[in-house]
Amino acid sequence: MVFVTGVDGQDSALKRARAARNMTLEEAADALNAITGGATDASLMSAWESGRRRTGKRNRAGLCTLYRERPEVLFAHQDGAATSVLETTGTAVVVRVLTRWTDLVEAMVDVVAGAREQLVVTGSRSREKAYLASIETAVAQQPDLVHYRVLYGPPRHQALADHLLRLLDLRDPSARRRGVKTLHIGMVEQAAALERFFVASETSAVVPLPSFHGAEAFDCGVLLGREAAVGLVHHGREVCASARPVETADAVRALPVRHN
């Protein structure tokens, strides 16, 4: 049994519910995935139990089913006082406001280049060649890097569809390196959620913003520090776990490129 202590030094109700059933973190994650169809792992379960991360809506419902307990009991430690450094630092997590296209692309490429453990990229509109090429380089040169790509509906540009095919040439999503799957590509159905755009590693992240210069531009964003980046990595992992896998060349080619 792996023990997890909450942020106040006491075991959380979420951890106690698991312990009462004599389940390890791994066993609980497997049981939850059987309910939700997701891909939660032991590390994410641990973060939820300690209060370092808040559990999303789908997994909250699944955990309530698994443990036969009400959400206000299981997640009180997450929903009470501030549960992370991120919630107490406020705007200090913003490293830089990006107001030019060149700065935005450079910052996104830097996030990718700095990733060593996990790289999460979301959105279906990417087409900047240097940015997409930097992701392919990272995947090719760092075999232990775990890459998550979350699409919100089919690709909007052929450049992104071609990029996905190149990723699949570089790595087999069904393979396991040291027991870990290192390439995840999932698509959220368009009606299921609003599209999110960000790139995040374990140390930094960039989130594009509506342009400060005009309605048609795509040239502004914020560079975020470690605490926010880690939160976005967890966000992307959770979304990818519940998304429809698009992890073969045939599946990618079957996606209708929307060209808008």
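Quantities reported herein were computed from a predicted structural model and do not represent experimental measurements. (Residues numbered from 1 in each chain as written. Predicted model: local features only at pLDDT ≥ 70, side-chain atom pairs only at ≥ 80, totals over all residues. Heavy atoms only, no water.)

A. Examining a nonpolar patch on the surface more closely. Where nonpolar side chains cluster on the molecular surface, the patch consists of Val-94, Val-97 and Phe-212 and spans about 260 Å² of accessible area. Among the residues examined, Val-97 registers a relative accessible area of 46% and is labelled partly exposed. (Patch = residues over 30% accessible without salt bridge, like charges linked within 9 Å, V, L, I, M, F, W, Y side chains within 5 Å. Areas by Shrake-Rupley, 256 points an atom, 1.4 Å probe, with all protein chains shown as cover. Salt bridge = Lys/Arg side-chain N within 4 Å of Asp/Glu carboxyl O. Buried < 20%, exposed > 50% of the residue type's maximum accessible area, 1.4 Å probe, protein only.)

B. Just unusual backbone geometry, in detail. Here Asn-22, not a glycine, exhibits a phi torsion of approximately 55°, which is positive. Inspection of the secondary structure puts Asn-22 in the loop between helix 1 (13-20) and helix 2 (25-36). Located in the positive-phi region is Arg-178, a residue other than glycine, with phi close to 55°. Note that Arg-178 resides in the loop between helix 10 (158-170) and strand 4 (183-188). Judged by its relative accessible area of 69%, Arg-178 is exposed. (Helix = DSSP H or I, 4+ residues; strand = E, 2+ residues; numbered from the N terminus.)

C. Just the pairing of strand 3 (residues 146-152), in detail. Among the seven residues that make up strand 3, seven are buried, leaving the element largely enclosed by the rest of the structure. By the alternation rule, side chains of strand 3 split into Val-146, Tyr-148, Val-150 and Tyr-152 and His-147, Arg-149 and Leu-151, which are all buried. Looking at chain direction, strand 2 (residues 118-122) and strand 3 are connected through five bridges and run parallel. Directly across from Thr-122, in strand 3, lies its bridge partner Val-150. Crossover handedness for the path strand 3 to helix 10 to strand 4: right-handed. (Pairing = 2+ DSSP bridges. Right-handed = clockwise from strand over helix to strand, strands pointing away.)

D. Region of interest: the environment of Arg-237. Within the secondary structure layout, Arg-237 lies in helix 11 (residues 226-242). When its relative accessible area of 11% is taken as the criterion, Arg-237 is described as buried. Separated by 88 residues in sequence, Arg-237 and Arg-149 place their C-alpha atoms 9.1 Å apart. Leave out the neighbours within four places in its chain, and Arg-237 touches Asp-41, Ser-43, Gln-118 and Tyr-148. (Contact = heavy atoms within 4.5 Å.)

E. The arrangement of the side chain of His-163 in detail. Assignment of secondary structure puts His-163 in helix 10. Residue His-163 is classed as buried on the basis of its relative accessible area of 0%. When near neighbours in sequence (up to four residues on either side) are disregarded, His-163 contacts Leu-132, Ile-135, Glu-136 and Arg-149.

F. Spatial organisation of the nonpolar core. Core analysis: the largest hydrophobic core is formed by 30 residues, its most contacted members being Val-112, Leu-119, Tyr-131, Ile-135, Leu-164, Val-199 and Val-206. For this core, the secondary structure elements donating two or more residues are helix 8 (101-114), strand 2, helix 9 (129-141), helix 10 and strand 4. Those residues within four positions of Val-112 in sequence are excluded, and the remaining contacts are Leu-119, Tyr-131, Ser-134, Ile-135, Ala-138 and Val-199. Grouped together as the second largest cluster of nonpolar side chains are 19 residues, Ala-205, Ala-229, Val-239 and Ala-243 included. (Core = buried A, V, L, I, M, F, W, Y, C linked by side-chain atoms within 4.5 Å.)

G. Local environment of the packing of helix 8 against helix 9. Helix 9 packs onto helix 8 with a crossing angle of 5° between their chain directions and a minimal axis gap of 9 Å. The orientation of helix 8 with respect to helix 9, classified from their angle, is roughly parallel. Contact with helix 8, carried on its side by Met-108, Val-109 and Val-112, involves Ala-130, Tyr-131, Ser-134, Ile-135 and Ala-138 of helix 9 and no other residues of that element. (Axes fitted to C-alpha atoms, helices over the stretch in contact; angles between N-to-C directions. Parallel < 35°, antiparallel > 145°, perpendicular 65-115°, else oblique.)

H. Structural view of the sheet that holds strand 1 (residues 94-98). The mixed open sheet is built from eight strands, whose spatial order is 1-7-6-5-2-3-4-8. Bordering the open sheet on either side are strand 1 and strand 8 (244-245), each of which pairs with just one other strand. Pairing geometry for strand 2 and strand 5 (residues 198-201), over four bridges, is antiparallel. Its bridge partner being in strand 5, Thr-122 is matched across the sheet by Phe-198.

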